[in-house]
Amino acid sequence: MLTVAVLISGTGSNLRALLEAASHPDFPARVVVVGADRDAEGLAHAEEFGIPSFTVPWHAHESRDAWGEELGRQIDVWTPDLIVLSGLMRLLPSSLVSRYAPRILNTHPAYLPEFPGAHGVRDALAAGAEQTGASVIVVDDGIDSGPILAQERVPVHADDTEHSLHERIKPVERRLLIDVVRRIATGDLTLTP
Ligand code: GAR
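Reading guide: rules and limits
- By convention here, each chain's residues receive numbers from 1 onward along its written sequence.
- Residues qualify for local features only when their pLDDT is at least 70, as the model is predicted, and side-chain atom pairs are given and counted only at 80 or more; totals for whole chains, interfaces and linings, by contrast, use all residues.
- Hydrogens and waters are ignored; side-chain quantities use all the structure's heavy atoms.
- Using a 1.4 Å probe on the protein chains alone, a residue whose accessible area is under 20% of its type maximum counts as buried, one over 50% counts as exposed, and one in between counts as partly exposed.
- Every helix listed is a DSSP run of H or I at least four residues long, and every strand listed is a run of E at least two residues long, numbered separately from the N terminus.
- A right-handed crossover is one whose linking path, passing over the helix from the first strand to the second, runs clockwise when the strands point away from the viewer.
- Should DSSP find at least two bridges between two strands, the strands are regarded as paired.
- Salt bridges are defined by distance alone: a side-chain nitrogen of Lys or Arg within 4 Å of a carboxyl oxygen of Asp or Glu.

Q: Mind showing me how you'd approach the pairing of strand β5 (residues 104-108) here?
A: Working note: regular strand, side chains alternate between the two faces of the sheet. Along β5, 5 of the 5 residues are buried, which leaves the element largely enclosed by surrounding structure. Going residue by residue along β5, you find Ile104, Asn106 and His108 tucked away on one face and Leu105 and Thr107 tucked away on the opposite face as well. Handedness of the crossover joining strand β4 (residues 82-85) and β5 through helix α4 (residues 94-100): right-handed. Examined bridge by bridge, β5 and strand β6 (residues 131-138) share 4 bridges and lie antiparallel to one another. Across the sheet, residue histidine 108 finds its bridge partner in β6, namely serine 135.

Here it is as structure tokens:
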């Protein structure tokens with residue numbers, strides 16, 4: 001059984017979808033812990049599913065490296081096979097990335113390499129794109145620059161707001177993420193360094 005740690009910053013709707021999938025007896029992976037960089041709303045999903053959680057507050061640390069060191073310590077307790085960044089709005093320090101690489105995945109609300117970064121949905125709208133998408137990638141040292149494991153196009157509607165477009169993208173992200181985790185767990189997809 002593949003064990004997964006999930007890191008979030010926000011509402012955790014994608015986390016919730018993964019928790020629901022992973023609670024099915026036939027699913028070949030289990031979420032063992034959920035972590036956050038703040039008092040994230042989404043931690044409530046972990047509690048509801050009886051999954052342990054921890055918070056390593058970004059603002060309580062003097063540097064990215066110090067934050068990442070504590071985050072790594074908390075994650076190590078659970079020795080997860082995989083770490084999923086599901087709306088974690090912080091870059092991991094390279095020391096943490098290299099320690100777990102290539103076993104850290106990130107979901108992103110755009111069709112990478114288009115619109116990387118913290119505002120993928122807003123940037124697609126601002127660019128006047130007629131379509132954007134969702135991607136699941138392996139985390140490397142760059143900003144959303146790692147190998148793409150799965151992605152799918154999502155149309156932009158003329159009357160879309162950032163919120164409406166993001167809400168259309170998220171279900172696609174969820175489906176891709178759950179499928180990637182399943183394929184890694186079954187050995188259909190191998191992560192290569
Ligand atoms: C998701 O769309 C995720 O891809 C995005 O934050 C959202 C979290 O939603 N992450 C990024 O933009 C990272 N660059 P959720 O908290 O409802 O799951």
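Q: What is the right way to look at the pattern of salt bridges in this model?
A: Opposite charge on two side chains lets them pair, provided their charged atoms get close. This model, assessed by the stated rule, comprises 13 salt bridges. Notably, a salt bridge pairs glutamate 162 with arginine 122, separated by 3.2 Å at the nearest N-O pair. Placement of glutamate 162 in helix α6 (residues 162-186) and of arginine 122 in helix α5 (residues 120-126) is noted, with a sequence separation of 40 residues between them. Residue glutamate 162 is classed as partly exposed on the basis of its relative accessible area, which comes to 32%. The shortest N-O distance in the salt bridge between aspartate 179 and arginine 183 comes to 3.5 Å. Of this pair, aspartate 179 and arginine 183 both sit in helix α6, 4 residues apart, roughly one helical turn. The exposure class of aspartate 179 is partly exposed, given its relative accessible area of 31%. Via salt bridges that share partners, Arg16, Glu20 and Glu48 belong to a single interconnected network.

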